[in-house]
Every structure is written in structure tokens, then in C-alpha cells.
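Here is what each chain is made of, one letter per residue.
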Amino acid sequence: MKKILLSLLLLSSLLYSDSYTREDRIKDMQEMAEAMNTIQSGFFYNNYDTVAKGVEHLTSSVEGVRPPLEELEEKDIMTRYMNNKVQMTRKVVRQINQKSLTILQRFKNGDSAQAVQAYKKILAQCMACHRETRNW
């Protein structure tokens, strides 16, 4: 009996040791903002390498974004259903990744206007997520 309780305790501590917190999400958002600034600088200086660096930074930082543990463990089923944070986050991450690739392709082909349009669509995704999470 003691072995079972000890193993359950150890297993639960391992599961929660890698929990994603609000602080982790804030750090990821700061990384994403930095990446967006890098992309924008690349646009202003017409520098593909800077845009590519920003896109790479953005796609790597957006992969870690997910709802924090306290939102995932919401007890009220109706609140969890209404919030729907997990599906919304996956959708936003997928769309940001798609638009990031569009930025690279369009900018490389010399169509900077369309690259900026894709950048604006990423900003729209960011704002949509902020409206949901921060109630803006």
C-alpha cells in the first residue's frame, strides 16, 4: 500500500513539475512581441535576413504557447466549455505559423505589400487572442 501511494505521489509530482503557468505565458508573449518587432524592422530596412530571423523566432516561440494549468483544470464544466482556450490557442498558433511562412515567401519574392498584409493578419490573431484572454 505504501509503495502504491508513494508511486502515485511521485507520478503526480512529475506531471505537475512541467506545468505551464501564467508567468510562462507572459514570457512567451514577450518573445513573440520581440519577434514581431524584428520582422517589422526587416520590413522597414528591406532586409530579408532580418525578416527571416524574426519569422524563425516567432515560429519557435509560438509553439510553446498554451493555456496555463489553472485554466486547463477549471472545475466548472460550463466555464471550461465557454472559455474553450485549448482549441482557440491551437487555432491561433496554427494560423500564426501559416502566416509566418507567407511572410517569408512573399517577401522573398519581392512582394513586400503582401508580406505586410500577412503580418497584419498575425497582429489580428494576436489581438483576437488578447480579447479572449484579457477581455480587451
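Higher on the page you've got the structure.
Numbering of residues starts from 1 in every chain and runs along the sequence as written. Reporting of local features is limited, given that this is a predicted model, to residues whose pLDDT is at least 70; pairs of side-chain atoms are given and counted only at 80 or more, and all residues count toward the totals for whole chains, interfaces and linings. Note that water and hydrogens are dropped before the side-chain values are worked out from all heavy atoms of the structure.

**Student:** Could you give me a rundown of the overall build of the chain, with the residues and numbers involved?
**Tutor:** Numbering goes from the N terminus for both helices and strands, where a helix is a DSSP run of H or I of at least four residues and a strand is a run of E of at least two. Helix and strand counts for the chain come out as seven helices and zero strands. When the helices and strands of the chain are listed from N to C terminus, the series reads α-α-α-α-α-α-α. Across the 136 residues of the chain, 30% fall into the buried class. Whether two residues are in contact is decided by their heavy atoms, any of which lying within 4.5 Å being enough. For the chain, contacts bridging at least 24 residues in sequence account for 66% of all contacts bridging at least 6. Per-residue accessibility takes into account occlusion by the displayed protein chains alone, with areas from the Shrake-Rupley method and a 1.4 Å probe. As displayed, the chain has an accessible area near 9600 Å², and 55% of this comes from carbon and sulfur atoms. The buried label goes to any residue with under 20% of its type's maximum accessible area, the exposed label to any with over 50%, and the partly exposed label to all in between, with areas taken from a 1.4 Å probe on protein chains only.

**Student:** Outline the environment of Q98, supporting the account with residue identities and numerical values.
**Tutor:** Along the chain, Q98 turns up in helix α6 (residues 85–108). According to the relative accessible area criterion, Q98 is partly exposed, its value standing at 46%. As a C-alpha pair, Q98 and A118 span 20 residues in sequence and 9.2 Å in three-dimensional space.

**Student:** Account for the nonpolar core, with residues named and values stated.
**Tutor:** Put simply, buried Ala, Val, Leu, Ile, Met, Phe, Trp, Tyr and Cys residues joined by side-chain atoms within 4.5 Å make one nonpolar core. One finds I39, F43, V51, L58, I96 and I103 to be the most contacted residues of the largest nonpolar core, which totals 25 residues. Breaking this core down by element, the ones donating at least two residues are α2 (22–44), α3 (48–62), α6 and α7 (112–134). For this core, the leading source of residues is α6, giving seven residues. If near-sequence neighbours (up to four positions away) are discounted, I96 is found in contact with M32, L58, V62, I122, Q125 and C126.

**Student:** Explain the side chain of S100 residue by residue, including any values.
**Tutor:** On the secondary structure map, S100 appears in helix α6. Under the relative-accessibility criterion, S100 is labelled buried at 0%. Those residues in contact with S100, other than ones at most four positions away along the chain, are V55, L58, T59 and I122.

**Student:** Outline the packing of aromatic side chains, listing residues and values.
**Tutor:** For this analysis, a ring pair means two rings from Phe, Tyr or Trp (six-membered ring only for Trp) whose centres lie within 6.5 Å, classed as stacked if their planes differ by under 30 degrees, edge-to-face if by over 60, and tilted for the remaining angles. Following the criterion strictly, the structure yields two aromatic pairs and no others. When the ring of F43 is compared with that of F107, the centres are 5.5 Å apart and the planes differ by 50°; the resulting orientation is tilted. Taken as a pair, F43 in helix α2 and F107 in helix α6 lie far apart in primary sequence, 64 residues in all. Under the relative-accessibility criterion, F107 is labelled buried at 8%. Between F43 and Y119, the ring centres sit 5.6 Å apart and the planes meet at 80°, which makes this aromatic pair edge-to-face. In this pair, F43 sits in helix α2 while Y119 sits in helix α7, placing the two residues 76 residues apart along the sequence. For F43, a relative accessible area of 14% gives the class buried.

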